[in-house]
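Coordinate analysis (summary)
The chain contents come next:
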Amino acid sequence: MAQLNVQALRQEFPILHQKVQGEKLIYFDNAATSQTPQSVLDRIVYYYQHERANAHRAVHSLGARTTEAFETSRQKIADFIGAGSADEISFTSGDTESLNRVIRGLIEPRLQAGDLILTTRLEHHSSLVPLQEVCHRSGAKLVFLDLDENFQVTKESLAPYDQNPKVKALVTQHISNVLGVEQDIPYLSHWALRQSNCLFLVDGAQAVAHQKLDLAKWQVAAYTFSSHKMYGPMGLGVTYIRHDLLEQAQPVCFGGEMIYQVKDDISSFKEAPWKFEAGTQAIAQIIGLAEAIDWIQAIGIKNLHQQEAELGQRLYQGLTQVEGLEIYTPQSFAKNGIIAFNIQAIHPHDAATAYDQAGIALRAGHHCAQPLMRVLKIPASLRASLMAYNTKEEVDRMIEVSHKVKEFFNYGA
């Protein structure tokens, strides 16, 4: 595998070359949103300057070019995640809306009182809250699976629910947005397929930019993610629904373009994916995401992940040397570049402010994962999350600053 030229890579990200609080910016909040390379910015600007029109709604030249770029982008996204066909891909405003689309449009219609939905306490609120809502409406029950010492779902945790016809869905993150813990998606999908009527839904927001996906082979029922966590523009989510489930999946937003025929008292809808895409889509963002995929593939997703894994392991080891610092991420998953931690007796918001004074952007809070915070017995944590444009020097600087933050709050300036 060729060595990644990180310094050359960084030149493609104008935002990284600035100072914050008088210090060079070190951006370690990539699990919230990654930065965007210049090629993606240029492609979006080109669309606005040369192609701007609506897709599927005009016969004029600009409309035709936009439609072609829009549907070519859909195919490129499908190929990137290993989908079986482009019609399995539909667009939303973000991963939150994508999760709501699948939970409300595919899982809820299957639910009856007494049914079970299996999930974990690792999940993001954008998954847990809509799951709670559909359970309240249907009388189904949300069940939190037991996890092993590495916060993973195992054969033993699923055993009590094996061949239970009331289990209608299994819902997990691919990679935890707090701990970086990775679930065994092929195994979980195989388990769900062996059940009588269980759909497996995966929140892939933290995985899609970091490892190769093969959704058709894995046969997950649905997989969702956001553009802005994979070097793409904000304001775009992607929903994958397996082909054999497209007809039964119901739209949850209604309006123009997804309609086949509107009568006075009833309407009929187009086939997937268009039945899920009411109204004007985020065309510039969709074209921009396709350009981000071109950028990822030109470098190689394995090369990007290797850099992130080396940085994650380096940061983990360095933080273990800071006295009074507690790391919540299991060491084996530091390779995913997400590390949650706290410094003893220092509130994470105060610590994050101190890091910011040194130019280091970290996340502090409950990370939209309050049930997990209760498991960890903390109200909040710090989180460092890395991308391939981060450097060993930045990691070493954060370790150095961590010692200083602890000293400052314990002994003063």
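As recorded in an unreviewed UniProt entry, the chain goes by cysteine desulfurase and comes from Facklamia hominis CCUG 36813. If you open the UniProt record of the chain and go to Cofactor (unreviewed entry), you find "pyridoxal 5'-phosphate". Quoted verbatim from the Sequence similarities (unreviewed entry) field of UniProt, the annotation for the chain is "Belongs to the class-V pyridoxal-phosphate-dependent aminotransferase family. Csd subfamily."

**What about the overall build of the chain?**
A tally of regular secondary structure across the chain gives 13 helices and 17 strands. Taken against the 2.2 N^0.38 rule, which gives 22 Å for 413 residues, the C-alpha radius of gyration of the chain at 22 Å falls within 12% of a compact globule. The C-alpha extent of the chain, read off along each of the three principal axes, is 75 × 55 × 40 Å. Within the chain, buried positions represent 58% of all 413 residues. Intrachain contacts of the chain at a sequence separation of at least 6 include 71% that bridge at least 24 residues. Carbon and sulfur atoms provide 49% of the accessible area of the chain, an area that totals close to 17,700 Å². With 37 positive and 45 negative side-chain charges, the chain shows a spacing of 1 Å between the two charge centroids.

**Some points on the pairing of strand β7 (residues 167–173)**
Buried residues dominate β7, accounting for seven of its seven residues. Of the pairings in the sheet, the one linking strand β5 (residues 116–119) to β7 comprises three bridges and is parallel in character. Paired with L118 across the strands is L170, a residue of β7. Here β7 pairs with strand β8 (residues 199–203) via five bridges, running parallel.

**So, the domain arrangement of the chain**
Think of interface size as the accessible area that goes away when the parts come together; that is how it is often given. The domain architecture assigned to the chain consists of domain 1 (6–28 + 300–411) and domain 2 (53–297). Taking the mean C-alpha position of each, domain 1 and domain 2 sit 29 Å from one another. The interface is formed by 32 residues belonging to domain 1 together with 29 residues belonging to domain 2. Here domain 1 and domain 2 share an interface that buries about 2,500 Å² over both sides, 65% of which is from carbon and sulfur atoms. It is I301, F333 and L372 in domain 1 that bury the most area against domain 2; as a group they hold 23% of the surface buried on that side. Where domain 1 touches domain 2, the interface holds zero salt bridges. In this assembly, domain 1 and domain 2 are joined by 13 residue pairs in polar contact (both at pLDDT 80 or more). Those elements giving two or more residues to the side of domain 1 that touches domain 2 turn out to be α10 (301–319), β14 (338–343) and α12 (370–376).

**What to know about the UniProt feature "domain: Aminotransferase class V" (unreviewed entry) in the chain**
According to UniProt, the feature "domain: Aminotransferase class V" (unreviewed entry) maps to residues 26–397 in the numbering used here. Helix and strand shares over residues 26–397 are 37% and 17% respectively, and the end C-alpha atoms of the span are 9 Å apart.

Basis of the calculations
- Residues numbered from 1 in each chain as written.
- Predicted model: local features only at pLDDT ≥ 70, side-chain atom pairs only at ≥ 80, totals over all residues.
- Heavy atoms only, no water.
- UniProt positions renumbered as here; feature names shortened; annotations may be inferred.
- Helix = DSSP H or I, 4+ residues; strand = E, 2+ residues; numbered from the N terminus.
- Rg over C-alpha atoms; globule rule 2.2 N^0.38 Å.
- Buried < 20%, exposed > 50% of the residue type's maximum accessible area, 1.4 Å probe, protein only.
- Contact = heavy atoms within 4.5 Å.
- Areas by Shrake-Rupley, 256 points an atom, 1.4 Å probe, with all protein chains shown as cover.
- Lys, Arg positive; Asp, Glu negative; His and termini not counted.
- Charge placed at Lys NZ, Arg CZ, Asp CG, Glu CD.
- Pairing = 2+ DSSP bridges.
- Domains from an automatic or database assignment.
- Buried area = accessible area lost by both parts, 1.4 Å probe.
- Salt bridge = Lys/Arg side-chain N within 4 Å of Asp/Glu carboxyl O.
- Polar contact = N/O pair within 3.5 Å; in protein donor to acceptor, adjacent residues only side chain to side chain.

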